[in-house]
Amino acid sequence: MSMLNFPSDRPLDVACLGRLAVDLYAQQIGCSLEEAGSFAKYLGGSSGNMAFGTARLGLRSAMISRVGNEHNGRFLVETLQREGCDTSQVQVDARRLTGMVLLGIKDQETFPLLFAREDCADMALDAAAISEEFLARCRCLAITGTHLSAPGVLAASRRALEIAGRHGLVRVLDIDYRPVLWGLTGRGDGETRYVASAEVSRRLQAELGPFELIIGTEEEWLIAGGVEGDLIASLRRVRECSRAVFVVKRGPLGCSLIEGEVPDAIADAPTVPGERVEVLNVLGAGDAFASGLLSGLLRGKSLAESAAIANACGAIVVSRHGCAPAMPTQAELAHWFSGHRHPRPDQDPELSHLHRVSRARRQWPALCVLAYDHRSQFDDLAREAGAAPARLRPLKRLINEVVAQVERDPGNAGRMGVLIDGRHDLGEAALHDATGRGWWIGRPIELPGSRPLRFDGTDSLASELLHWPQSHTVKCLVFYHPDDTPALRAEQDAWLQQVWTATRASGHELLLEVIPPKDTLAPDDRGEAVLRAIRHFYDLGLRPEWWKVGTMARENWEALDALVNDRDPWCRGAVILGLSQPVEQLVQGFAQARAPVVKGFMIGRSVWAGPALQWLRNELDDAGLRDAVAANFRALIAGWDASRVDARQDITEGAAA
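Fair warning: this is a prediction, and the values are worked out from it, not measured in the lab.

## Quick word on the overall build of the protein
Along the protein, the regular secondary structure elements total 21 helices and 21 strands. Computed over its C-alpha atoms, the radius of gyration of the protein comes to 28 Å, within 12% of the 26 Å expected for a compact globule of 657 residues. Principal axes of the C-alpha set define a box for the protein whose edges measure 85 × 55 × 50 Å. Of the contacts made within the protein by residues no fewer than 6 positions apart, 73% connect residues no fewer than 24 positions apart. With the model as given, the accessible surface of the protein reaches about 26,000 Å², and the carbon-plus-sulfur share is 51%. Within the protein, one finds 72 positive and 85 negative side-chain charges whose respective centroids are separated by 3 Å.

## A word on the sheet that holds strand S7 (residues 113-116)
Spatially, S3-S2-S6-S7 is the arrangement adopted by the 4 strands of the open sheet, whose pairing is mixed. Because the sheet does not close on itself, it has two edges, and the strands there are strand S3 (39-44) and S7. Each neighbouring strand pair of the sheet contributes to a mean axis angle of 20 degrees, computed without reference to strand direction. As judged from the 4 bridges shared by strand S6 (residues 99-105) and S7, these two strands associate in the antiparallel manner. Along S7, the bridge assignment pairs Leu-103 with Leu-113.

## Things to note about the domain arrangement of the protein
Under the domain assignment, the protein is made up of domain 1 (12-358) and domain 2 (370-655). For domain 1 and domain 2, the distance between their C-alpha centroids amounts to 43 Å. Listed per partner, the contact involves 8 residues of domain 1 and 9 residues of domain 2. Buried surface at the junction of domain 1 and domain 2, both sides included, amounts to about 660 Å², of which 47% is carbon and sulfur. Between domain 1 and domain 2 we count 2 salt bridges in total. Across the pair Arg-356 and Glu-545 runs a salt bridge, and its minimum N-O distance is 3.0 Å. Between the two partners, domain 1 and domain 2, sit 5 residue pairs in polar contact (both at pLDDT 80 or more).

## What about the pattern of salt bridges?
Once the charged atoms of two side chains with opposite charge are near each other, the side chains can pair. Within this structure, the stated rule accounts for 49 salt bridges. In this structure, Asp-93 engages Arg-66 in a salt bridge whose closest nitrogen and oxygen atoms are separated by 2.9 Å. Of the two residues, Asp-93 is situated in strand S5 (residues 86-93) and Arg-66 in strand S4 (residues 61-68); the sequence distance between them amounts to 27 residues. Both residues of the pair, Asp-93 and Arg-66, count as buried. A salt bridge links Asp-122 to Arg-117, with the nearest nitrogen and oxygen atoms 2.6 Å apart. The residues Asp-122 and Arg-117 share a single accessibility class, namely buried. Several salt bridges converge on common partners, so that one network encompasses Asp-373, Arg-375, Glu-446, Asp-456, Lys-475, Glu-513 and Lys-548.

## Structural notes on the UniProt feature "domain: Carbohydrate kinase PfkB" (unreviewed entry) in the protein
As recorded in UniProt, the feature "domain: Carbohydrate kinase PfkB" (unreviewed entry) lies at residues 13-329. For the annotated span residues 13-329, helix accounts for 31% and strand for 24% of the residues, and the straight-line distance between the end C-alpha atoms is 17 Å.

## Description of the packing of aromatic side chains
Given two aromatic rings, their pairing is described by the distance between the two centres and the angle made by the two planes. This model, assessed by the stated rule, comprises 13 aromatic pairs. Aromatic side chains Phe-590 and Trp-640 sit 5.7 Å apart centroid to centroid with 85 degrees between the ring planes, which places their arrangement in the edge-to-face category. Taken together, the residues span a long stretch of sequence, with Phe-590 in helix H19 (residues 583-592) and Trp-640 in helix H21 (residues 622-656) at a distance of 50 residues. We classify Phe-590 as buried; its relative accessible area is 0%. On the numbers, 6.5 Å between centres and 65 degrees between planes, the contact of Phe-601 with Trp-640 is edge-to-face. Placement of Phe-601 in strand S21 (residues 598-603) and of Trp-640 in helix H21 is noted, with a sequence separation of 39 residues between them. A single burial state applies to Phe-601 and to Trp-640, both of which are buried. Among the aromatic residues, those joined into a cluster by ring pairs are Tyr-480, Phe-537, Tyr-538 and Trp-547. Seen from the ring of Phe-246, Arg-239 lies directly overhead, with NZ or CZ sitting 3.9 Å from the centre. The ring of Trp-468 has Arg-443 lying over it, and the distance from NZ or CZ to the ring centre is 4.0 Å.

What counts and what doesn't
- Residues numbered from 1 in each chain as written.
- Predicted model: local features only at pLDDT ≥ 70, side-chain atom pairs only at ≥ 80, totals over all residues.
- Heavy atoms only, no water.
- Helix = DSSP H or I, 4+ residues; strand = E, 2+ residues; numbered from the N terminus.
- Rg over C-alpha atoms; globule rule 2.2 N^0.38 Å.
- Contact = heavy atoms within 4.5 Å.
- Areas by Shrake-Rupley, 256 points an atom, 1.4 Å probe, with all protein chains shown as cover.
- Lys, Arg positive; Asp, Glu negative; His and termini not counted.
- Charge placed at Lys NZ, Arg CZ, Asp CG, Glu CD.
- Pairing = 2+ DSSP bridges.
- Axes fitted to C-alpha atoms, helices over the stretch in contact; angles between N-to-C directions.
- Domains from an automatic or database assignment.
- Buried area = accessible area lost by both parts, 1.4 Å probe.
- Salt bridge = Lys/Arg side-chain N within 4 Å of Asp/Glu carboxyl O.
- Polar contact = N/O pair within 3.5 Å; in protein donor to acceptor, adjacent residues only side chain to side chain.
- Buried < 20%, exposed > 50% of the residue type's maximum accessible area, 1.4 Å probe, protein only.
- UniProt positions renumbered as here; feature names shortened; annotations may be inferred.
- Phe/Tyr/Trp six-rings, centres within 6.5 Å; stacked < 30°, edge-to-face > 60°.
- Lys NZ or Arg CZ within 6 Å of the ring centre and 35° of its normal.

Following this line, the structure appears as structure tokens:
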């Protein structure tokens, strides 16, 4: 009979105690760490990865660890929080730095690691600060082996285990053997996964009794049991110390499950076959396995069913760069188990799309965005006013102040946004000012007025995006009509494919703005050309996070809603552009855009063009400019809000009918 009896009706599923560090992953694959030239920053540490992975899979997870009172510590806490993990038990160390690891991918067998953990924060976890009240609210406690390796963290682990035992939590150990962290290798040798040590075996065995579930690779069971070269004998030695359920990870063979006596051969144990995939990076696969196993068990699935989930999680992660960011979501697993297994999961377009869109993302139920990403239009304003171009930089910063002012109005927090260019002589300073305020931020990439599409200031968008914060959304305006000549359409499509590929690689969200040129529109067009263009883009395989289009007839907004739901239900939605229409006319257009796909507006010249020209002519001072722009912006927001009230009334009346 299984000993895994998880308590129910508690607010938290699993608390993960152990390593929490920053992973710096070499971006160059196929070389040594010495040759690596750039690194990507991720959340890391085995326990941190498990807290992150279980949260991504929908469990109510928590982290028990310690970080430094510095940038890396805050990065880790914020990353866990964004994924939905409780960080209330992450201690902050005023003296020590957060641990770091440098990692590389040389080939399928070689993964150099350099642990920078000298007196690091998580190894100073304070046992006295571990809260019994908090642990009593959890169903499961998961500990990794590193926190059994030194007196301080061993005391913290023992205290947590004792509290967990009193309150009926299932206690889980992932052996997670790192010889370098037990002092068995040189400090530069983090890659070595196994060194026999009778002392480590003795110390581990002394701590195994309280656990109900123990997870390890074959090598990790050898170190836990201490019978060199004999897996079964090692398992039997551990069985003398613990009545836990054993899960033996066996790489591509899958995993074997031992709930009672250890069999004579590992092949005699119930085994859940592994997934057949090509390996890019084994680092983090074990943490993904444990996350998947716990996600199944804590949802009431059998041990075998949970092991199948664990195998799939590990298989998906070994095909990707990084540990925590590679962890799959429930939507990815549903795709995987629906018959869409792929030998290279990273090359499955649908799985990759789901990995981007189904993980935790900041939600924007509505967006009120002031657009001043214009470049040529601001240059024209300066010429018309006879003003020096240098005055445009402070002008854009003043418009930032308007957004900050309007954000303070009741109901506006959490839905403010800006579109700003990053041109050094124009919007760069305003863009930097806006970043970090919690606003939605988009920035343009198109060369103003280009048709066919071209990029502004670069021929390589992918190279440009290396320098953008992840919080910035790529905005691409394309002047496109579905009845353009085949040659023009093909050229524009090719450039849009570059945008799509670059943003998928960089991780930035994409807003695609579609404007049919006026001279191509039929006199009675009320959005039909835009709809046809968007349908064509979906046929090309483009699935941007956002669409930006002009005002349309109500039936075309409803048609867009149906199209988006059919082609990409994960799309964040559509927003309305202004095209310099008067504010009153735009508000009338909002009333037509009541379909659920419409999330807000991104409008610029209608709000600021008149006041900006007056300011450049010195007819308005700074305060007068701010007041005039704010009045127009508030009128748009009020019109938007009124249209949403009307939309809700329409829905209510329709349901009643």
